[in-house]
Amino acid sequence: MTELVGLADVQAARELLAGVTRTTPLEPSRPLSAALGGPTWLKCENVQRAGSYKVRGAYVRISRLSAQERERGVVAASAGNHAQGVALAAGLVGAHATVFMPVNAPLPKVAATKGYGAQVELVGNTVDESLVAAQTFAERTGAVFIHPFDHRDVIAGQGTVALEILEQCPDVKTIVTGVGGGGLISGLAVVAKALRPDVRVIGVQAASAAAFPPSLKAGEPVRLPFFSTIADGIAVGRPGELTFTHVRELVDEIVTVTEEDISRALLMLLERGKQVVEPAGAVGVAALLAGAVEVQAPVVAVLSGGNIDPLLMLRVIEHGLAAAGRYLRVTVRCTDRPGQLASLLSEIAEHRANVVDVVHQRANPHLRLGEVEVALSVETRGVEHSDTLISALRASGYQVVFAGEG
């Protein structure tokens, strides 16, 4: 049986990280506290150096390399956060870093990785494909492969997050965090179960990229045939051997959330918490907002990263507004006569909804003669306001069709 990382390993990692990483703040969340009926806190690893917790494990791993190994350089594969962590850590210890990233990796993450001094190679459509390329590079050149999660030093480094949580919130009862390959939650669970066995450690995966539930059911790591999610930082197709063992032995529960749940969480964090968080960093909050798991307060949700592409942020905010009922995309069919569009817009204005854009179309072959189709994007104040507006339009004789409806 694989030997688990121990508390002493994490404490030793913390000594190595002194002066390298920062102790990130633990911020209260009033919306979550109100929703859960007890104190809820956010562990803000989104403001860690390089924008995520990843630098912790990367630095511990790289700093323990021998002089000869550092001379050969290091290589890694990542969608962004591990890439930046490795690039920063390698620069701090004087080792050259080569990082393989998927071809669709967010441009800000690619630029940041290069900015820390790493050589970036864009290979493959997923992190798994980039991992294969990185391992091949390591075999060919002798560079040391720095795994993003499946190594004892990496798990120990990530576990230092939990040491800080227990110091900042000594009475914590539940810790919730996102899960990709499992390095962070493995380290969290090692510390929590050693120092506070009563603390529940809960992992959250995106439902469309959740490799742990089938793996735990099968009793061994299982590879997903396909996975896709906006939470690219946790889009991992197969758990690691080492992390799987830690999760199976130490983690209390793994739950999943939808893309809509993640979007709503990002919107709440930005709007109410003033926190810029990437989708993978918000899945813990998504699970709490969605009621995907029963928790006992005080609760700490880890915001694992803040490296989000501004273009993705725009799309996610719009998606989050729609999921929260504050952004409607509807098509209204009505008679094609002068003044009809003005009447429609006036009725929307009477209900204090704001029209963002309008597309007026007569060429749809599904329309009857004398009928016109008006596609609208409308801002509302929430689900109840949206429902009231739709009901009023239908009562006035308009045919309102949502995306996906006939």
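You'll find the protein entered in an unreviewed UniProt entry as threonine ammonia-lyase, with Micromonospora fulviviridis given as the organism. The Cofactor (unreviewed entry) comment attached to the protein in UniProt states, word for word, "pyridoxal 5'-phosphate". What UniProt states about the protein under its Sequence similarities (unreviewed entry) heading is, verbatim, "Belongs to the serine/threonine dehydratase family."

Draft legend 1. Just the overall build of the protein, in detail. The helix and strand tally for the protein stands at 16 helices and 14 strands. Relative to the globule expectation of 22 Å for 406 residues, the C-alpha radius of gyration of the protein, 24 Å, shows essentially globular dimensions. Dimensions along the principal axes, computed over C-alpha positions, put the protein at roughly 80 × 50 × 40 Å. When burial is assessed residue by residue, the protein has 56% of its 406 residues classed as buried. Long-range pairs, those at least 24 residues apart, make up 72% of the contacts in the protein between residues at least 6 apart in sequence. In the form shown here, the protein has an accessible surface area of approximately 17200 Å², with 52% of it arising from carbon and sulfur atoms.

Draft legend 2. Region of the structure containing the side chain of arginine 333. Positionally, arginine 333 belongs in strand β11 (residues 327-335). At a separation of 3.2 Å, a polar atom in the side chain of arginine 333 contacts the side chain of glutamate 373.

Draft legend 3. Helix α1 (residues 7-17), seen in detail. Taken together, the buried positions of α1 are Val10, Ala13 and Leu17. Along the axis of α1, the buried positions cluster into a sector of 55°, meaning they face one direction only. For α1, the exposed residues set more than 90 degrees away from the buried face come down to Ala8 and Glu15. Following α1 by one or two positions, glycine 19 adopts a phi angle in the positive range, close to 85°.

Draft legend 4. The arrangement of the pairing of strand β13 (residues 371-379) in detail. Most of β13 sits out of view: 7 of its 9 residues are buried. Sheet topology note: the β11/β13 ladder contains 9 bridges and is antiparallel. Each residue of the ladder has a partner; that of tyrosine 327, found in β13, is glutamate 379. Pairing of strand β12 (residues 354-361) with β13 involves 7 bridges; the strand directions are antiparallel. Following the sheet pairing, valine 355 is matched in β13 by valine 378.

Draft legend 5. A look at the side chain of threonine 380. By the secondary structure assignment, threonine 380 is in the loop between β13 and α16 (383-395). When sequence neighbours within four positions are dropped, the list of residues in contact with threonine 380 reads Gly325, Arg326, Tyr327, Leu328, Ala353, His385, Ser386 and Leu389.

Draft legend 6. The packing of helix α12 (residues 259-271) against helix α14 (residues 310-323), seen in detail. α14 packs onto α12 with a crossing angle of 105° between their chain directions and a minimal axis gap of 8 Å. With respect to α14, the axis of α12 lies roughly perpendicular. Two secondary-structure elements touch here, α12 through Glu259, Glu260, Ser263, Arg264, Leu266, Leu267 and Leu270 and α14 through Val316, Ile317, His319, Gly320, Leu321 and Ala323. A breakdown of the residues in the contact of α12 with α14 according to their chemical character gives 7 nonpolar, 3 polar and 3 charged.

Draft legend 7. Local environment of the sheet that holds strand β1 (residues 26-28). Read across the open sheet, the 6 strands follow the order β1-β2-β10-β7-β8-β9; overall the sheet is mixed. Single-partner strands in this sheet number two, and they are β1 and β9 (253-257). Going across the sheet, the axis of each strand differs from the next one's by a mean of 25°, ignoring polarity. Across 5 bridges, the pairing between strand β7 (residues 174-178) and strand β8 (residues 200-206) is parallel.

Draft legend 8. Unusual backbone geometry, seen in detail. For the bond from alanine 297 to proline 298, the omega torsion is 0°, close enough to zero to count as cis. Of note, proline 298 is situated in the loop between α13 (283-290) and β10 (299-303). Residue alanine 50 is not a glycine yet carries a positive backbone phi of 65°. We note that lysine 274 has phi near 55°; this positive angle belongs to a residue other than glycine. Relative to the helices and strands, lysine 274 resides in the loop between α12 and α13. The class for lysine 274 is exposed, based on a relative accessible area of 64%.

Draft legend 9. The arrangement of the environment of alanine 349 in detail. Turning to its location among the elements, alanine 349 is positioned in helix α15 (residues 340-350). Note on alanine 349: relative accessible area 47%, which makes it partly exposed. Note: C-alpha distance between alanine 349 and leucine 389 (40 residues apart in sequence) is 9.9 Å.

Draft legend 10. Fine view of the pattern of salt bridges. Under the counting rule described, the total for this entry stands at 15 salt bridges. Taking the shortest distance from any N to any O, the salt bridge between aspartate 252 and lysine 193 comes out at 2.8 Å. One end of the pair, aspartate 252, is in the loop between α11 (241-250) and β9; the other, lysine 193, is in helix α9 (residues 183-195), with 59 residues separating them in the sequence. Of the charged contacts in the structure, one is a salt bridge between glutamate 373 and arginine 333, with a shortest N-O distance of 3.2 Å. Here arginine 333 lies in strand β11 and glutamate 373 lies in strand β13, a separation of 40 residues in the sequence. What makes glutamate 373 buried here is its relative accessible area of 11%. The class of arginine 333 is buried, set by a relative accessible area of 16%.

How each quantity is defined
Residues numbered from 1 in each chain as written. Predicted model: local features only at pLDDT ≥ 70, side-chain atom pairs only at ≥ 80, totals over all residues. Heavy atoms only, no water. UniProt positions renumbered as here; feature names shortened; annotations may be inferred. Helix = DSSP H or I, 4+ residues; strand = E, 2+ residues; numbered from the N terminus. Rg over C-alpha atoms; globule rule 2.2 N^0.38 Å. Buried < 20%, exposed > 50% of the residue type's maximum accessible area, 1.4 Å probe, protein only. Contact = heavy atoms within 4.5 Å. Areas by Shrake-Rupley, 256 points an atom, 1.4 Å probe, with all protein chains shown as cover. Polar contact = N/O pair within 3.5 Å; in protein donor to acceptor, adjacent residues only side chain to side chain. Arc of directions from axis to C-beta. Pairing = 2+ DSSP bridges. Axes fitted to C-alpha atoms, helices over the stretch in contact; angles between N-to-C directions. Parallel < 35°, antiparallel > 145°, perpendicular 65-115°, else oblique. Nonpolar A, V, L, I, M, F, W, Y, C, P; charged D, E, K, R; others polar. Salt bridge = Lys/Arg side-chain N within 4 Å of Asp/Glu carboxyl O.

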